[in-house]
Each structure stands twice: as C-alpha cells, then as structure tokens.
Amino acid sequence: MDVKEMEEMFENGMQSVRMNYYPPCPEPDKVIGQMPHSDGSAVTILLQVNGVQGLQIKKDHGTWMPVKFLPEALVVNFGDTVEVLSNGLYKSIEHRATVTSEKERISVGMFFNPNFEANVGPSPSLLGNQKPIFKTISMKEYVNGFFSRRLQGKFLDTMRI
Ligand SMILES: O=C(O)CCC(=O)C(=O)O
Ligand SMILES: [Fe+2]
C-alpha cells in the first residue's frame, strides 16, 4: 500500500479498548461469552489476562478452533478494515468467546482504526485495475454502522457491492 495513502488514513487514528469480563457459568455449553463476530478494526491486539482459555476462531469449514493460551503472548488479528482495504485478499477472522464452569475469564482488546477524516474502502494503490468488491464509505459512517448493529457476523458484508 502506498505509504502516503496509509499515513493519511492512520495518522491520529482512532484507538479503542474493550475490557471483557466473563463470569463462570454452571452450564457453559448453554451460553456464549461473546457472539461470533469479526472486529471492525484494522488490527486488533488482544491480551488474555488471567490464563483462562476461551477464544475460538472459525476455520474455513465453519468449525470452531480454540486459540491456545500462551503466557505473556498477545493475540493479533486483522479486522474488517484490512479486508476492505485489501479488497478481500486478507480476511478478518471470525471469532467468539466461550466461558467455563470453574473460573471467570478476563481479556482486553485494543482496536487500531483509521482517523475520522478517512474513508474506508478498497485502497486505490492496491487495487490497480481490479474491480472493487466493497463500497467506500466515510469512517464516520463506518463507525456508526458498526456500532448500531449487534456484534454478530461480519459488518463488512453490508459494504459488498
Ligand atoms: O475475549 C476474547 O478472547 C475475545 C474478545 C473479542 O473478541 C472482542 O472484544 O472483540
Ligand atoms: Fe473481537
């Protein structure tokens, strides 16, 4: 991606944090900590605070795979913004959080986003002569759209052409 284009988009970018507390549940199979979703961010960095496993990612065939907890490690994933920017080349991973019957679980997600002057759409410098598969919308519309729906599935599906 053209450096200038990236700088314009991400300089003074919006960062946000979500702190998740999942209490234990006597019947963990009947509940979900966090619904399946992909993040709206460009990049997410997740800290699993207290060593309890619970994050799962959706693999190609729709099967849920646990992400092994590694002490002192961060989990890094792409969100919808990178999938849109790359015109679908890099996928935002769908994930969910499960709970256990024994112990609470705590995680902290840091979300790295474009600034509010930016537009979110396929990057002109990456696109070349490919056909864009996503619409371009303002970051304000993107954030409003993302947060006015349930955290479920992939928000970028609403941007497909
Ligand atoms: O708790 C986790 O492991 C995942 C949290 C998450 O997906 C989020 O906050 O967006
Ligand atoms: Fe997430």
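Bear in mind the structure is a predicted one, so any value in this text is a computation, not a measurement.

Enquirer: Looking at this structure, how should I read the site of ligand 1?
Expert: Neighbouring ligand 1 are 13 residues, the closest being Arg18, Tyr22, His95, Arg105 and Ser107. Here an oxygen atom of ligand 1 and a side-chain polar atom of Tyr22 are 2.6 Å apart. Here His95 contributes a side-chain N or O atom positioned 3.0 Å from an oxygen atom of ligand 1. In the complex, the protein chains occlude 98% of the 300 Å² of accessible area that ligand 1 would expose alone. For the shell around ligand 1, the secondary structure elements donating two or more residues are strand 1 (15–22), strand 2 (34–37), strand 7 (95–97) and strand 8 (105–112). A class-by-class count of the residues in the shell around ligand 1 yields five nonpolar, five polar and three charged.

Enquirer: Whenever I open this one, the UniProt feature "domain: Fe2OG dioxygenase" (unreviewed entry) in the protein confuses me. Can you help?
Expert: Those residues carrying the UniProt feature "domain: Fe2OG dioxygenase" (unreviewed entry) are residues 13–114 in this numbering. A distance of 4 Å separates the end C-alpha atoms of residues 13–114, which is 6% helix and 40% strand.

Enquirer: How do you make sense of unusual backbone geometry when you look at a structure like this?
Expert: With glycine set apart, most residues show a phi of negative sign, and most peptide bonds adopt trans. Non-glycine residue Glu72 carries a positive phi angle of around 60 degrees. Positionally, Glu72 belongs in the loop between strand 5 (64–66) and strand 6 (74–78). Taking relative accessible area as the criterion, Glu72 reaches 86% and is therefore assigned exposed. Unlike most non-glycine residues, Asn87 shows phi in positive territory, near 55 degrees. Tracing the sequence through the fold places Asn87 in the loop between helix 2 (80–85) and strand 7. Residue classification places Asn87 among the buried residues on the basis of a relative accessible area of 8%.

Enquirer: Hey, could you run me through the sheet that holds strand 7 in this one?
Expert: The pairing of strands in a sheet comes from backbone hydrogen bonds and takes either a parallel or an antiparallel form. Across the sheet, which stays open at both edges, the four strands sit in the order 2-7-4-5 with antiparallel pairing between neighbours. Only two strands of the sheet have a single neighbouring strand rather than two, namely strand 2 and strand 5. On average, each strand axis in the sheet is tilted by 25 degrees relative to the strand beside it, whichever way the strands run. The pairing of strand 4 (residues 55–58) with strand 5 spans three bridges and is antiparallel. Across the sheet, residue Gln56 finds its bridge partner in strand 5, namely Pro66.

Rules used in this analysis
- Every residue gets a number counted from 1 within its own chain, in the order that chain's sequence is written.
- Labels follow written order: the first chain is A, the first ligand is 1, and so on.
- Only residues with pLDDT of at least 70 are given local features in this predicted model, and only at 80 or more are side-chain atom pairs given and counted; all residues enter the totals for whole chains, interfaces and linings.
- Only hydrogens and water are set aside when side-chain values are computed; all heavy atoms of the structure are taken into account.
- Only a single heavy atom is needed: when it lies within 4 Å of a molecule or strand, its residue is near that molecule or strand.
- Whenever a nitrogen or oxygen atom comes within 3.5 Å of another N or O atom, the pair is scored as a polar contact, on the condition that within protein one atom can donate a hydrogen and the other can accept it, and that pairs from neighbouring residues in sequence are kept only if both atoms are in side chains.
- With residues, only the protein chains shown are counted as cover, and all accessible areas are computed by Shrake-Rupley using a 1.4 Å probe.
- Secondary structure follows DSSP: runs of H or I at least 4 residues long count as helices, runs of E at least 2 residues long count as strands, and numbering of each begins at the N terminus.
- For this scheme, ten residues count as nonpolar: Ala, Val, Leu, Ile, Met, Phe, Trp, Tyr, Cys and Pro. Four count as charged, namely Asp, Glu, Lys and Arg, and the remainder, Gly too, count as polar.
- UniProt positions are given in the numbering used here, feature names are shortened, and annotations may be inferred rather than shown by experiment.
- Only protein chains enter the accessibility calculation, which uses a 1.4 Å probe; a residue is then buried when its area is under 20% of its type maximum, exposed when over 50%, and partly exposed in between.
- Between any two strands, pairing holds if DSSP finds at least two bridges.
- Simply put, an axis is a line fit to the C-alpha atoms, just over the touching stretch for a helix, and the angle between two N-to-C directions goes from 0 to 180 degrees.

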